[in-house]
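# Report on the structure
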Amino acid sequence: ICQMIPIFPDKIARKGILMYLISLAAVSIAFFKHAMPVMYILLGIMWVTGFFLFSSSCSKKWMRYPVEKFAWRVFWVALLLRLVWVVFSYFFYKAQTGQPFEFGAADAVGYHEEAKWLAEAGWDTARQYYGLRSGVSDIGYPFWLIILYRIFGPSVIIARIFKSLFSAVTCVLIYRLARTNIGEFPGRMAAVFCTFIPNLIIYCGLHVKETEMIFLIVAFLERADYLIRSRHYNVFTIAVPALLALSLFFFRTVLGVIAILSLFAGLIFTSTKLVGRAKKAVLIGLG
């Protein structure tokens, strides 16, 4: 019987780095006139080598930690990495573009300016403004920014600190979801990969909604999975995934629809030994 390797081996990590460097060199030579500036090449190498080396090292060091200690370690390391990048990218973008937004920022600046205006104008203006729209899709993120700006002022960096917090929690939720479905060690590797994967870190330094959407999606999946597996159904355990699914409609309508459909698909195809025939019928009926 094949057994999954409980860690991310150094050999695979080194091969991953080598393949990236070879690919980068080949593309840069083949398209020399369109090659990236040296600064971006160095940043790319930093991200890729950091992901592979830290994932390999930490998967071994954290493998024997108790569950609670591992979850907290993932959270704090993920949060620290994201906060460091948030601070660095804030000043980096400001030095490169003259504003704390990424190159060619369009949606990011639009979200910021809209939230800043409505935070200053007040809730009545915001309610009237959003009431003129034909749907609720895409108003969740600016509405969240309005709340932050009314509390803390129109601070870009504070909004990104909250993004770092959401992203760090996402890593822990991935661990909980994965360990329930595919086992303890695969769950730990999934959490380690989420902690160091460049995309999730970089998103925390951007003023767009991807970090919040990913958090809501993963939180919904984790709570929906718990709902299906739990034998103690109550208002809270049903309301939380339902509200998380509802919140997705305010970011992307299709995400909300898929979330609800996936929950009912899970209920339909889950074994009655796990859920129970009567409980399954009740939960499906509530939909």
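My aim in this report is to walk through the structure given alongside it, one point at a time. Think of each chain on its own: its residues are numbered from 1, step by step along the sequence as written. Only residues with pLDDT of 70 or above have their local features reported here, since the model is predicted, and side-chain atom pairs are shown and tallied only from 80 upward, although totals for entire chains, interfaces and linings are computed over all residues. The side-chain values count all of the structure's non-hydrogen atoms but skip hydrogen atoms and water molecules.

Next up on the list: the overall build of the protein. Runs of H or I in DSSP of at least four residues are treated as helices and runs of E of at least two as strands, each being numbered from the N terminus. Each helix and strand counted, the protein has 14 helices and 0 strands in total. In sequence order, the secondary structure elements of the protein are arranged as α-α-α-α-α-α-α-α-α-α-α-α-α-α. Here the C-alpha coordinates of the protein stretch approximately 65 × 65 × 35 Å along the principal axes. The buried share of the protein, reckoned over its 287 residues, is 43%. For the protein, the proportion of contacts with a sequence separation of at least 24, taken over those separated by at least 6, is 71%. Computed by Shrake-Rupley with a 1.4 Å probe, the accessible areas treat only the displayed protein chains as cover when residues are assessed. Accessible surface for the protein amounts to roughly 15900 Å². Of this, 71% is attributable to carbon and sulfur atoms. With 29 positive and 14 negative side-chain charges, the protein shows a spacing of 12 Å between the two charge centroids. Burial classes: relative accessible area under 20% of the type maximum marks a residue as buried, over 50% as exposed, and values in between as partly exposed (1.4 Å probe, protein chains only). In what follows, residue pairs with any heavy atoms lying within 4.5 Å of each other are defined as contacts. Neither His nor the chain termini are counted; the positive set is Lys and Arg, and the negative set is Asp and Glu. To locate a charge, the coordinates of NZ of Lys, CZ of Arg, CG of Asp or CD of Glu are taken.

Moving on, we get to the environment of Arg176. Relative to the helices and strands, Arg176 is located in helix H7 (residues 156-182). Each C-alpha atom, one on Arg176 and one on Glu222, is 7.2 Å from the other, the two residues being 46 residues apart in sequence. Dropping the residues within four chain positions of it, Arg176 is found in contact with Glu222 and Arg223.

Summarising the element assignment, Trp72 is placed in helix H3 (residues 67-97). In this structure, the C-alpha to C-alpha distance between Trp72 and Ser59, residues 13 residues apart in sequence, is 14 Å.

Next up on the list: the nonpolar core. Across soluble globular proteins, nonpolar side chains have a tendency to be buried as a group. What makes a nonpolar core is a set of buried Ala, Val, Leu, Ile, Met, Phe, Trp, Tyr and Cys residues whose side-chain atoms join them at distances within 4.5 Å. Core analysis: the largest hydrophobic core is formed by 57 residues, its most contacted members being Phe52, Trp62, Phe70, Val74, Leu145, Phe220 and Leu263. The element that contributes the greatest number of residues to this core is helix H10 (residues 210-229), accounting for 9 residues. Not counting the four nearest positions on each side in its chain, Trp62 is found in contact with Phe70, Arg73, Val74, Val77, Arg188, Val192 and Phe196. Core analysis: the next-biggest nonpolar cluster, separate from the first, contains 11 residues, Phe92, Phe101, Ile201 and Leu206 among them.

Further remarks concern empty space enclosed by the protein. Cavities and pockets are found on a 1 Å grid laid over the protein atoms alone: a cavity is a set of points where a 1.4 Å probe fits but cannot escape, a pocket is an open set with protein on both sides within 12 Å along at least five of seven lines, and a lining residue has an atom within 4 Å of such a point. Grid points are joined across faces, edges and corners, and a volume is the space filled by probe spheres set on the points. Per the counting criterion, the structure on display carries 2 cavities of 30 Å³ or more. Every residue along the wall of the largest cavity is listed here: Ser167, Thr170, Leu200, Tyr203, Thr211, Ile214 and Phe215. Any residue that is not Ala, Val, Leu, Ile, Met, Phe, Trp, Tyr, Cys, Pro, Asp, Glu, Lys or Arg is counted as polar, Gly included; the first ten are nonpolar and the last four charged. Looking at side-chain class alone, the lining of the largest cavity contains 4 nonpolar, 3 polar and no charged residues. The calculated volume of the second largest cavity comes to roughly 30 Å³. Taken together, Pro6, Ser59, Trp62, Met63, Phe70, Arg188, Met189 and Val192 form the lining of the second largest cavity. Per-element tally for the lining of the second largest cavity: the top contributor is helix H8 (residues 184-196), with 3 residues. Along the lines of polarity and charge, the residues of the lining of the second largest cavity split into 6 nonpolar, 1 polar and 1 charged.

Next up on the list: the packing of H7 against H10. Between H7 and H10, whose axes approach to 9 Å, the crossing angle comes to 30°. The orientation of H7 with respect to H10, classified from their angle, is roughly parallel. As for how H7 packs across H10, the hand of that crossing is left-handed. From H7, Lys163, Phe166, Ser167, Val169, Thr170, Leu173, Ile174, Arg176, Leu177, Thr180 and Asn181 reach across to H10, where they touch Thr211, Glu212, Ile214, Phe215, Val218, Ala219, Leu221, Glu222, Arg223, Asp225 and Arg229. Of the residues that constitute the contact of H7 with H10, the class distribution is 10 nonpolar, 5 polar and 7 charged. In this analysis, axes come from line fits to C-alpha atoms, helices being fitted only over the stretch in contact, and the angle between any two N-to-C directions falls in the range 0 to 180 degrees. For classification, angles of less than 35 degrees are called roughly parallel, those exceeding 145 degrees roughly antiparallel, those between 65 and 115 degrees roughly perpendicular, and all remaining angles oblique. Handedness of each helix crossing follows the sense of rotation of the near helix against the far helix: counterclockwise by less than a right angle gives left-handed, clockwise gives right-handed.

What a helix is expected to span follows from its residue count: subtract one and scale by 1.5 Å. The end-to-end C-alpha distance of helix H6 (residues 140-152) is 18 Å, a good match for the 18 Å that 13 residues give at a rise of 1.5 Å each. The elements touched by buried residues of H6 are helix H4 (107-121), helix H5 (123-131), H7 and H10. Remark: Gly153 follows H6 within two positions and exhibits a positive phi of approximately 85°.

Attention now goes to the packing of aromatic side chains. Paired rings are identified among Phe, Tyr and Trp, the last through its six-membered ring, by centres lying within 6.5 Å, and are further divided according to the angle between planes into stacked (under 30 degrees), edge-to-face (over 60) and tilted (the rest). Under the definition given, this model contains 27 aromatic pairs. Taken together, a centroid distance of 6.0 Å and an interplanar angle of 90° make the contact between Tyr40 and Phe103 edge-to-face. Here Phe103 lies in the loop between H3 and H4 and Tyr40 lies in helix H2 (residues 38-61), a separation of 63 residues in the sequence. Relative accessible area serves as the criterion here: at 38%, Phe103 is assigned to the partly exposed category. Each ring, one from Trp62 and one from Phe70, has its centre 6.2 Å from the other, and the planes form 75°; the classification is edge-to-face. Members of the aromatic cluster, each reached through a chain of ring pairs, are Tyr40, Trp47, Trp85, Phe88, Phe92, Tyr93 and Phe103.

Here we come to H10. The terminal C-alpha atoms of H10, which comprises 20 residues, lie 28 Å apart, in line with the 28 Å expected from a rise of 1.5 Å per residue. Of all 20 residues that make up H10, 14 are buried, and the element is covered over most of its length.

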